[in-house]
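What follows is each chain in one-letter form.
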Amino acid sequence: AGNFNTLVAAVQAAGLVDTLKGEGPLTVFAPTDDAFAALPDGTVDMLLMPENKDKLVSILTYHVVPGAVMSGDLSDGMMAATVQGAEVKIGTMNGVTVQDANVTSADIKTSNGVIHVIDAVILPPEG
């Protein structure tokens, strides 16, 4: 769509292209280029380095939930298990949020699931 260049580069660097193009269904909370740009200076470049692949994979898979979850399936305060292993908290009170990221475009159907565009990169809990 033109505003996901950083996400595409990160998915390629992490070796997750085939995973995300797999059968699914998957729900992807997709950060925009502006969301990646909002991270502290140098963060994206650091994550794209081969020696940081595990951390990058962890962050990217924290944005993916098994199954096709449409916005109408969400409820305030619900927790969703991610492919990464940790859970994300969904909010629906003032628009839809995932952790503290706002969903700016919802329910974009794909051949293997659904994409919800978010305005921030969400980071898995440490440890």
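Sequence order sets the numbering: in each chain, residues are counted from 1 along the sequence as written. In keeping with the predicted nature of the model, local features appear solely for residues at pLDDT of at least 70, side-chain atom pairs appear and are counted solely at 80 or more, and the whole-chain, interface and lining totals rest on all residues. Just so you know, side-chain values use all the structure's heavy atoms and leave hydrogens and water out.

When a carboxyl oxygen of Asp or Glu lies within 4 Å of a side-chain nitrogen of Lys or Arg, that pair is called a salt bridge. Taken as a whole and assessed by the stated rule, the structure comprises 1 salt bridge. Between E126 and K55 there is a salt bridge, with its nearest N and O atoms 3.6 Å apart. Note that E126 is positioned in the segment after β7 (113-118) and K55 in helix α5 (residues 53-61), a separation of 71 residues in sequence. Runs of H or I in DSSP of at least four residues are treated as helices and runs of E of at least two as strands, each being numbered from the N terminus.

The next subject is the pairing of strand β4 (residues 87-91). Whether two strands pair comes down to DSSP finding at least two bridges between them. Relative to β4, strand β3 (residues 79-81) is paired through 3 bridges, and the arrangement is antiparallel. Opposite A80, over in β4, you have V88 as the bridge partner. As defined by bridge partners, β4 adjoins strand β5 (residues 97-98) across 2 bridges and the pair is classed as antiparallel. Bridging from a neighbouring strand, I90 pairs with V98 of β5. Here β4 folds back onto β5, and the loop between the two strands holds 5 residues, one of which, G95, carries a positive phi near 80°.

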